[in-house]
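Commentary on secondary and tertiary structure
Here is how the chains run, residue by residue.
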Amino acid sequence: MTCDQNHSYGPEQYAADGGKADKYVENTEVNKCTGLFGEPGLVMDYYDGNTVTGMWNYAQQYALNDRSFSSTFGPSTPGALNLISGQTHGVISVDPASGTENPKQTTTPDPYAVLSPNAKGVGTVINDPDPAFDDCSDKDHTATSALAVMQGRNIGDLLNSKNVSWGWFQGGFRPSTAWDGKNGDYAKCAGTTHTNVGGAASEDYSPHHSPFEYYKSTSNPHHLAPKSVAEIGHDGRANHNYDLTDFDAALKANSLPAVSFLKAAEYQDGHAGYSDPTDEQNFLIKEINALQKSPEWKSTAVVLAYDDSDGWYDHVTSKVLNGSKDSTVGSNSKATDSPACQSGPAAQGGYADRCGPGTRQPLLVISPYSKVNKIDHTPTEQASITQFIEDNWHTGRIGDASFDQRAGTLGGMFDFRHPNDKQVLLNANGSVKSVKRIPHYTQTSSTAARPRTRRTSRTSRRRTSPPPATPPRPCRSP
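What counts, and where the lines are drawn
Residues numbered from 1 in each chain as written. Predicted model: local features only at pLDDT ≥ 70, side-chain atom pairs only at ≥ 80, totals over all residues. Heavy atoms only, no water. Salt bridge = Lys/Arg side-chain N within 4 Å of Asp/Glu carboxyl O. Helix = DSSP H or I, 4+ residues; strand = E, 2+ residues; numbered from the N terminus. Buried < 20%, exposed > 50% of the residue type's maximum accessible area, 1.4 Å probe, protein only. Pairing = 2+ DSSP bridges. Disulfide = S-S within 2.5 Å. Core = buried A, V, L, I, M, F, W, Y, C linked by side-chain atoms within 4.5 Å. Arc of directions from axis to C-beta. Axes fitted to C-alpha atoms, helices over the stretch in contact; angles between N-to-C directions. Parallel < 35°, antiparallel > 145°, perpendicular 65-115°, else oblique. Left-handed = near helix turned anticlockwise from the far one by under 90°. Contact = heavy atoms within 4.5 Å. Nonpolar A, V, L, I, M, F, W, Y, C, P; charged D, E, K, R; others polar.

Re the pattern of salt bridges
- Taken as a whole, this structure holds ten salt bridges when the rule is applied.
- Its salt-bridge partner being Lys286, residue Asp248 comes within 3.3 Å of it at the nearest N-O pair. One end of the pair, Asp248, is in helix H7 (residues 244-252); the other, Lys286, is in helix H8 (residues 277-292), with 38 residues separating them in the sequence.
- As a salt-bridge pair, Arg406 and Glu381 come within 2.9 Å of each other at their nearest N and O atoms. Of this pair, Arg406 sits in the loop between helix H10 (382-392) and strand E16 (422-426) while Glu381 sits in strand E15 (residues 380-381); the two residues are 25 residues apart in sequence, bridging distant segments of the chain.
- Residues joined in a network through salt bridges with shared partners are Asp248, Lys286 and Glu287.

Side note on the pairing of strand E7 (residues 166-170)
- Summarising burial for E7: five of the five residues are buried, a large majority.
- Neither face of E7 is exposed, since Trp166, Trp168 and Gln170 on one face and Gly167 and Phe169 on the opposite face are all buried.
- Taken together, the five bridges between E7 and strand E11 (residues 259-263) define a ladder with parallel strand orientation. Bridge pairing links Phe169 to Leu262 in E11.
- Judged from the three bridges that link them, E7 and strand E10 (residues 241-243) form a sheet pairing that is parallel. Bridge assignment links Gln170 to a residue of E10, and that residue is Asp243.

Describing the state of the cysteines
- Under the counting rule described, the total for this entry stands at three disulfides.
- There is a disulfide in this structure between Cys136 and Cys189, and the S-S distance comes to 2.1 Å. The sign of the S-S torsion, about 70°, decides the handedness of the disulfide formed by Cys136 and Cys189: right-handed. Here the residue Cys136 occupies a position in the loop between strand E5 (123-124) and helix H5 (137-141), and Cys189 occupies one in the loop between E7 and strand E8 (193-195), the gap between them amounting to 53 residues.
- A disulfide bridge connects Cys341 with Cys355, and the sulfur atoms are separated by 1.9 Å. Every disulfide takes its handedness from the sign of the S-S torsion; for Cys341 and Cys355 that torsion is -80°, giving left-handed. Within this pair, whereas Cys341 is found in helix H9 (residues 339-342), its partner Cys355 is found in the loop between H9 and strand E13 (363-366), the two being separated by 14 residues in sequence. Grouping residues by exposure puts Cys341 and Cys355 together as buried.
- Disulfide partners in the protein chain, listed by the sequence order of the bonded cysteines, are 1-2, 3-4, 5-6.

Some details on the pairing of strand E6 (residues 147-150)
- What you see with E6 is no split at all: Leu147 and Val149 on one side and Ala148 and Met150 on the other are buried throughout.
- Of the pairings in the sheet, the one linking strand E4 (residues 89-94) to E6 comprises four bridges and is antiparallel in character. Paired with Ser93 across the strands is Ala148, a residue of E6.

Re the nonpolar core
- In terms of nonpolar packing, the biggest core is built from 36 residues, with Ile155, Leu159, Val259, Phe261, Ile385 and Ile389 touching the most fellow members.
- Elements supplying a minimum of two residues to this core: helix H4 (76-85), E6, helix H6 (155-161), E7, E11, strand E12 (300-306), E13 and H10.
- Counting residues in each nonpolar core, the second largest holds 31 residues, with Ala59, Ala250, Phe283 and Val432 among its members.

Some words on H7
- Three or more residues of H7 are buried, namely Leu244, Asp246, Phe247, Ala250 and Leu251. Take H7 and look down its axis: the buried residues cluster within an arc of 155°, on one side only.
- Asn254 lies just past H7 and shows a positive phi near 55°.

Considering the packing of H4 against H10
- In the contact formed by H4 and H10, the axes pass within 6 Å of each other and the chain directions differ by 25°. Viewed along their axes, H4 and H10 adopt a mutual orientation that is roughly parallel. Every pair of crossing elements has a handedness; the one defined by H4 and H10 is right-handed. From H4, Gly79, Asn82, Leu83, Ile84 and Ser85 reach across to H10, where they touch Gln382, Ala383, Ile385 and Thr386.
- When grouped by side-chain class, the residues that make up the contact of H4 with H10 number four nonpolar, five polar and no charged.

A closer look at unusual backbone geometry
- Between Gly356 and the following residue, Pro357, the backbone shows a cis peptide bond with an omega angle of 0°.
- Looking at the element boundaries, Pro357 is found in the loop between H9 and E13.
- The phi angle at Asp138 is positive, at roughly 55°, despite the residue not being glycine.

Everything listed here is a matter of geometry and, on its own, says nothing about what the molecule does.
Pasting the structure below:
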């Protein structure tokens, strides 16, 4: 269990040092924290296939992209927003005392929630403010930090317009104390915890990891449960936001939504400081094994992606494609945007503080339709997943300078003409339990020509490397 590294918007830019990638220790390292492992040079360490054995085996059996980056520099909330909208501009800070249903804009935007606001207080989010449309924000509304509301559209809005079923499933979303139905009262999420591999208890639900709660159109402020399994993925009181147990119930009933986003509870989301690669692997193997054992698997694509890098060193950088000239002084006593970002291409839409692409992050496609033992070098980003969903379900683009327009395609990781027909089950420790053809099921669910999408996520990642002298597993012809 390691210290959490500095993965803020500005320090990550300075760590990348215009492509030299030689300033991580100076800008993002944190080696002193309570009860966790930390030492000088920690940000330069790595986990290899002896630790992340499951990820390494998935990579050998399916497809890995080695040039995938965060759409912008920065932490979890910008990464999660870029996943669902390709957009971190359009945020307004709101008064937490006004409640979640009809939040009121603060007179002066909070700089933690909103950067570079215009005359109407609309700016860009680069930090981790909690969402306004969420009862559990601000530690169940016991804190007074400004909350955040996003304007514009997200992929959920686009799917709704095409009547495509979808859902966001997050660990701990089921409240520990249910909303009592009274105005001014809130559901509560505190108290629902699990113990990580380090022996520490971690609260399951994190509001700022729940991106659809920033948009009123796609939020479930009171964390209401669906009325039935059949309602999951469709219109209803849960409004497409669910607990992870609802995904498991829908999978058991062979009635998954067309598009599903899975977010682990904090103890299994891989974020340094309160989670670990082994915890993360336990979550992934459980969910992916269950998918591969189900009739749903034959029409499913799992995209394993990350919302930030946790500031850990990586020697591969991206050329700045979207610049920003924010010269205000940040928390690191330097200009918010680095020289590389300030000299980059003009900001799309004129929106400041969206410099990127940012840090490199792992991206895996695990599917009967993925290429096998393939390393794809196409430059991709978080918004590439948004783009894939848009293209697969013909929703059109989000617009308003969303990065879905510029994002590289995931297409190089798929071969739709020649399915690999593989069911790969892993043991709890990540080793391969079995590799065989997908079982034939006499009862099948209704499927589209192309796969459903399951996007599993963790909050941050550490650089992973293959174990020494581990050859690729021989591939069987489909």
